[in-house]
Amino acid sequence: MSDTNPTPPQDSAPTGFQSTEDMVAAQASHEADALSSTQAELAELKAKSAELADQYLRAKAEAENARRRAEEEISKARKFAVESFAESLLPVTDSLEAGLTIKDATPEQIREGAQATLRQLIAALERNKVIAINPAAGAKFDPHQHQAISVVPAEQEANTVVSVLQKGYSIAERVLRPALVTVTAPK
């Protein structure tokens, strides 16, 4: 007997096969590559998310600024809406004041002054889109623009205007005051 220990049998894998250690190392390497790829993708998605969050905040701030500016414009429009209208009425006021300063005016002069002032007032109203509603006799009654005060028998077709008791007015096609009219009764 010999004192030499026999060498344990070696794993001798046929060529083309890997040892278990090589397979584990390859799998670990593959997992490391997948992990680093996933981490890179995660970092890219985080950067994209941060960019989108920044864009969202900027858009939100821009929308808020636009809303605030619009509210300021609306506030200014309301505040100064009558400015143009008031400016167009100033000449009418001036004419009335000038007429009142004349001490010894004749009735004809007062009438001429009143007619001239009325023309100024009508022109100022029309410049500001305030239009008289003054239907002619025989016009069809329109409940959106006219208010019937009385119904009278007449030879005309029913629901036609007989006379206007008071003119109405509209502004930008919205009725401020309907015309007060008498209309024909149904037969």
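Read on for an overview of the structure. Note that this is a predicted model, so its numbers are computed, not measured.

**Things to note about the layout of surface pockets**
- Within this model, the largest pocket holds a volume of roughly 260 Å³.
- Lining the largest pocket are 13 residues; nearest its centre among them are Gly99, Leu100, Ile110, Gly113 and Ala114.
- Elements supplying a minimum of two residues to the lining of the largest pocket: helix H2 (83-101) and helix H3 (107-127).
- The element best represented in the lining of the largest pocket is H3, accounting for 7 residues.
- Split into classes, the residues belonging to the lining of the largest pocket amount to 7 nonpolar, 6 polar and no charged.

**As for the environment of Asp54**
- Summarising the element assignment, Asp54 is placed in helix H1 (residues 20-80).
- Owing to a relative accessible area of 37%, Asp54 belongs among the partly exposed residues under this scheme.
- For the pair formed by Asp54 and Ala148, sequence separation is 94 residues and the distance between their alpha carbons is 64 Å.

**Section: the sheet that holds strand E5 (residues 174-177)**
- Spatially, 3 strands are ordered E1-E4-E5 in an open sheet, and the strand pairing comes out antiparallel. Unpaired on one side and paired on the other, strand E1 (130-133) and E5 mark the two borders of the sheet. Pairs of neighbouring strands in the sheet enclose a mean axial angle of 35°, with direction left out of account.
- Across 4 bridges, E1 lies against strand E4 (residues 168-171) in antiparallel orientation. The residue bridging Ile131 from the neighbouring strand is Ser170, located in E4.

Cut-offs and rules
Residue positions are counted from 1 within each chain, in the order its sequence is given. Local features are withheld for residues below a pLDDT of 70 in this predicted model, meaning they are given only at 70 or higher, and side-chain atom pairs are given and counted only at 80 or more; totals for whole chains, interfaces and linings count all residues. Based on all heavy atoms of the structure, the side-chain values leave hydrogens and waters out of the count. Here a cavity means grid points, on a 1 Å grid over the protein atoms only, where a 1.4 Å probe fits yet cannot get out; a pocket means an open set of points with protein on both sides within 12 Å along at least five of seven lines; lining residues are those with an atom within 4 Å of a point. Grid points are joined across faces, edges and corners, and a volume is the space filled by probe spheres set on the points. By definition, any uninterrupted DSSP run of H or I lasting at least four residues is a helix, any uninterrupted run of E lasting at least two residues is a strand, and each is numbered from the N terminus. Charged means Asp, Glu, Lys or Arg here, nonpolar means Ala, Val, Leu, Ile, Met, Phe, Trp, Tyr, Cys or Pro, and polar covers whatever is left, Gly included. Exposed residues in this analysis have more than 50% of their type's maximum accessible area, buried residues have under 20%, and partly exposed residues fall in between, with area computed by a 1.4 Å probe over protein chains only. Note on pairing: DSSP must find at least two bridges between two strands before they are called paired. A fitted line through C-alpha atoms serves as each axis, taken over the contacting stretch for helices, and the angle formed by two N-to-C directions is quoted from 0 to 180°.

Shape descriptors only; they carry no functional weight alone.
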